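Observations on chain architecture
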Amino acid sequence: MSTENLPQSPDQPQRKPRVAVVFGGRSSEHGISMVTAGAVLRALDRTKYDVLPIGITQSGRWVLTADEPDRMAITERRTPNVEQLAESSEGGVVLPVDPANREVVYTEPGSVPKALGEIDVVFPVLHGPYGEDGTLQGLLELSGVPYVGSGVLASAVGQDKEYMKRVFTSFGLKVGPYVVIRPREWEQDESAARKKIIDLAGDHGWPLFVKPARAGSSIGITKVEDLSGLDDAIAEAQRHDPKILVEAALRGREIECGVLEFEDGPRASVPAEIPPPDAHAYYDFEAKYIDSTPGIVPAPLTPEETADVQRLAVDAYEAASCEGLVRADFFLTEDGEFVINEINTMPGFTPISMYPQMWQASGIGYADLVDRLIEAALRRSTGLR
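Small disclaimer: the values here were computed from a predicted structure and weren't measured.

**Description of the sheet that holds strand S4 (residues 92-94)**
- An order of S4-S5-S6 is seen for the three strands of this open sheet, with the pairing classed as antiparallel. In this open sheet, the two strands that pair with only one neighbour each are S4 and strand S6 (114-118). Between one strand and the next, the sheet's axes are offset by a mean angle of 25°, whatever the strand orientation.
- Looking at chain direction, S4 and strand S5 (residues 103-107) are connected through three bridges and run antiparallel. Considered in S5, the bridge of Gly92 is made with Thr107.

See the structure below:
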């Protein structure tokens, strides 16, 4: 690990990099973020790093938490939450917004603020809005603190499925048929908005997938088999995001590929295949995290298909100006064409998640993967780059 970018005074010995693992957050993926954080905390080598766990509650309060990864697991089919690990019900953590000062401060009503020391890099394992979407990245840019993963623009593009598809199309990547329903459209002329969706089904057939435009982990998604299920699916998606995306179903195999930043640029992992889950209509939240439906790693593809999807995954990473890591999800259609579905700029990162599994099969284990991401973050400066 290079420590050349760490703040040092001439008379101080070189110290270990201090990593703040930030997790939880205000999105519906709060619990999965905690599961991811538990895995990252467990993997961090404490002889190599000083570690500061910081949780963000579902109300948005930043708190110090216990460094107890075992309490961040799914138990009895329930995900954990930050409040269970917070060291105080009232205290909060404040990140500096002065690039010359990386010191984190802890405040509690009626007490003198307490300095917790400087942090050198943030590992933000948040999924969904208010964390993965460029908002946290913007705060860290203002603070001048390096962080793992993509910057503001790429994070925002990676979170908003509409603009993600627009960017991919502009770079020549093929996407499937879709329509977007914005909140104003729905509020001003609900019947016209619904007709857009019905026309999509008329052109491409049922089923359709109705999704929140800016959510992940398959939360709020409904597979709609016919017109009778459409209104309920729209309502479910709008519970998570007032803007919704409706996609035509693509017939084909689901193929995923990981991209990781190396010193000489991004490289792709071996791909994986997501087989249709037996107990679920599609690869939904429960199939991913509760029932842990296994993927096939490496995917049974021809050498030519493997090379194609690896190239396309890196192309998607570059098109969105990503940094650090990305999981790119594709359909391999019946006519042998790869169609990109989406990218995740902070994909599921538990040991059973597909991104770490693909890199494990590519020769990079979980702890090494965490190290490489931190190293990449420390190599980059904040600000324009």
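**Some thoughts on the pairing of strand S15 (residues 325-333)**
- The buried fraction of S15 is high, at nine of nine residues.
- Going residue by residue along S15, you find Leu325, Arg327, Asp329, Phe331 and Thr333 tucked away on one face and Val326, Ala328, Phe330 and Leu332 tucked away on the opposite face as well.
- For strand S12 (residues 252-262) and S15, the ladder comprises nine bridges, and the chain directions are antiparallel. Bridge pairing in S15 links Glu254 to Phe331.

**Details of the pattern of salt bridges**
- Inspection of the entire model under this criterion finds 32 salt bridges.
- Note that Arg194 is salt-bridged to Asp231, the shortest N-O span being 2.9 Å. Here Arg194 is found in helix H6 (residues 190-204), whereas its partner Asp231 is found in helix H7 (residues 230-240), with 37 residues between them in sequence.
- Classification of Asp231 as partly exposed rests on a relative accessible area of 42%.
- Linking Arg385 and Glu323 is a salt bridge whose minimum nitrogen-to-oxygen distance equals 2.8 Å. Of this pair, Arg385 sits in the segment after helix H11 (366-379) while Glu323 sits in the loop between helix H9 (303-319) and S15, placing them 62 residues apart in sequence.
- Look at Arg385 and you get partly exposed, because its relative accessible area is 47%.
- A single network of salt bridges, built from pairs that share partners, joins Glu141, Glu261, Glu323, Arg380 and Arg385.

About the thresholds
Residues numbered from 1 in each chain as written. Predicted model: local features only at pLDDT ≥ 70, side-chain atom pairs only at ≥ 80, totals over all residues. Heavy atoms only, no water. Pairing = 2+ DSSP bridges. Helix = DSSP H or I, 4+ residues; strand = E, 2+ residues; numbered from the N terminus. Axes fitted to C-alpha atoms, helices over the stretch in contact; angles between N-to-C directions. Buried < 20%, exposed > 50% of the residue type's maximum accessible area, 1.4 Å probe, protein only. Salt bridge = Lys/Arg side-chain N within 4 Å of Asp/Glu carboxyl O.

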